[in-house]
Amino acid sequence: MLVCTPNGITWRQICKSGLENPDSKIGFYAGDAESYEIFWEQLRSTIIQYHQVEFPDHLAWQPDQNFLAPMSTPPLAPVRTTRLRVARNLAGRRFPPAMNGVERQQVYQLVKESLQATPGVLLTLDELTESQKATLAASRMLFDNQDRFMASANILDDWPIGRAIFISADGSSGVWINEEDHLRIISIVPGYNLPKAVEAVTTLLTALESRLAFAWSNRLGWLTSCPSNLGTGLRASVRAECSPAEATKFRQLGLQLRGDQGEHTTALGSVYDISPQQRLGLTEYQIMDQLNEALCSVFAASETL
Ligand code: CIR
């Protein structure tokens, strides 16, 4: 008998991207919340390896959130921008790899309604003008349908149906609707400024949370289509200029360095996107603290040379 989740998600669907892209770091995408229960034994070792965690399986385990713990960040000249990104999916709905066009539209409508009282503008991708695209791309708030890993996982199906971007009135934050997850809440602020990014992202998150319920598991935290984002769903990163020696130090400290144009690109010049890889088993504060400690130690050490 073919094993599948109540939504009909099979193991073949979950590992399709990895089979078609042998260079995948993870290779799996969950089609729904239940994928993590039904196929737990198959996913377990990848999740443990990626997040460097061990599971007391029988316990509620993901630490409580503490986004709002006070954190001060010193000015660091090499840091050009600070970015926080939080991934969420709506409870009880299939995730982007398994949605059809109607489901993508429904999620768009629900998010649109939940943001109605929040000052800002909601742009659907099918209606974007070239100049709007250029503005969004320049501020790194645009998403596209070019990722081969996501294409293989069917995340880009029905493009651009249901895809939209909300930009807050002050331009410091936004929401991606129906990209890799139903929701990506993002804040990008100039220079090195985690407190400002936290404030912007939590404002949007609070507005959304007051109207929507998100998929959650006591073991894995917030559930995301890619297992790399389980736990907090938080990716805390900076774009910073660094020398080859500094880049090596960041890698030694366990941070992930991506090329300036985002995931799966080569570093252009010496500007990198730098972030802690782990999102599961830590609180939001701990993830940001890990980033802060690494940046302070590497860049401060360079200053004293
Ligand atoms: C992969 O398996 O390589 C892609 N599906 C993305 C994995 C998560 N991204 C990352 O670690 N940078």
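See the structure above.
Enquirer: Explain the packing of aromatic side chains to me, using residue names and the numbers behind them.
Expert: Scanning the entire structure with this criterion turns up 7 aromatic pairs. When the ring of phenylalanine 143 is compared with that of tryptophan 159, the centres are 6.0 Å apart and the planes differ by 85°; the resulting orientation is edge-to-face. One end of the pair, phenylalanine 143, is in the loop between helix H5 (130-138) and helix H6 (148-152); the other, tryptophan 159, is in the loop between H6 and strand S3 (164-168), with 16 residues separating them in the sequence. We classify phenylalanine 143 as buried; its relative accessible area is 4%. Members of the aromatic cluster, connected to one another through ring pairs, are Trp11, Phe28 and Phe39. Directly above the aromatic system of tryptophan 40 lies the positively charged group of arginine 219, at a separation of 4.3 Å from the ring centroid.

Enquirer: Quick one: what's the story with the pattern of salt bridges, residue by residue and with numbers?
Expert: For side chains bearing opposite charge, pairing can occur when the charged atoms are close. Inspection of every chain in the model, using the stated rule, returns 10 salt bridges. Aspartate 181 is paired through a salt bridge with arginine 184; the nearest N and O atoms lie 2.9 Å apart. Each of the two residues, aspartate 181 as well as arginine 184, counts as buried. Ionic pairing is found between arginine 235 and aspartate 273, a salt bridge with its closest N-O pair at 2.5 Å. Linking arginine 235 in strand S8 (residues 234-241) with aspartate 273 in strand S10 (residues 271-276), this pair joins segments that are 38 residues apart in sequence. Both residues of the pair, arginine 235 and aspartate 273, count as buried.

Enquirer: Please give an account of the nonpolar core that cites residues and values.
Expert: Grouped together as the largest cluster of nonpolar side chains are 49 residues, with contacts concentrated most on Phe67, Leu84, Val175, Ile185, Phe250, Ile274 and Met288. Those residues in contact with phenylalanine 250 that sit more than four places away from it in its chain are Cys242, Leu255, Leu257, Ile274, Ala294, Leu295, Val298 and Phe299. Residues Ala30, Phe95, Ala153 and Leu220 belong to the second largest nonpolar core, which totals 28 residues.

Enquirer: Kindly report on the environment of glutamate 246, identifying the contributing residues and their values.
Expert: Within the fold, glutamate 246 resides in helix H8 (residues 244-252). Given the relative accessible area of 11%, glutamate 246 is considered buried. Glutamate 246 sits 109 residues away from alanine 137 along the chain, and the two C-alpha atoms are 28 Å apart. If sequence neighbours within four positions are ignored, glutamate 246 has contacts with Glu241, Val298, Phe299 and Ser302. A polar contact is formed between the side chain of glutamate 246 and the backbone nitrogen of serine 243, at a distance of 2.9 Å.

Enquirer: Tell me about unusual backbone geometry, and name the residues and values.
Expert: In the segment running from tryptophan 159 into proline 160, the intervening peptide bond is cis, with an omega of 0°. With respect to the helices and strands, proline 160 occurs in the loop between H6 and S3. Positive phi outside glycine occurs at arginine 140, with the angle close to 60°. Considering the arrangement of structural elements, one finds arginine 140 in the loop between H5 and H6. At aspartate 158, a position not held by glycine, the phi torsion is positive, near 65°. Mapping aspartate 158 onto the fold places it in the loop between H6 and S3. On the basis of relative accessible area, aspartate 158 is assigned to the partly exposed category, the value being 31%.

Cut-off values and rules
Residues numbered from 1 in each chain as written. Predicted model: local features only at pLDDT ≥ 70, side-chain atom pairs only at ≥ 80, totals over all residues. Heavy atoms only, no water. Phe/Tyr/Trp six-rings, centres within 6.5 Å; stacked < 30°, edge-to-face > 60°. Helix = DSSP H or I, 4+ residues; strand = E, 2+ residues; numbered from the N terminus. Buried < 20%, exposed > 50% of the residue type's maximum accessible area, 1.4 Å probe, protein only. Lys NZ or Arg CZ within 6 Å of the ring centre and 35° of its normal. Salt bridge = Lys/Arg side-chain N within 4 Å of Asp/Glu carboxyl O. Core = buried A, V, L, I, M, F, W, Y, C linked by side-chain atoms within 4.5 Å. Contact = heavy atoms within 4.5 Å. Polar contact = N/O pair within 3.5 Å; in protein donor to acceptor, adjacent residues only side chain to side chain.

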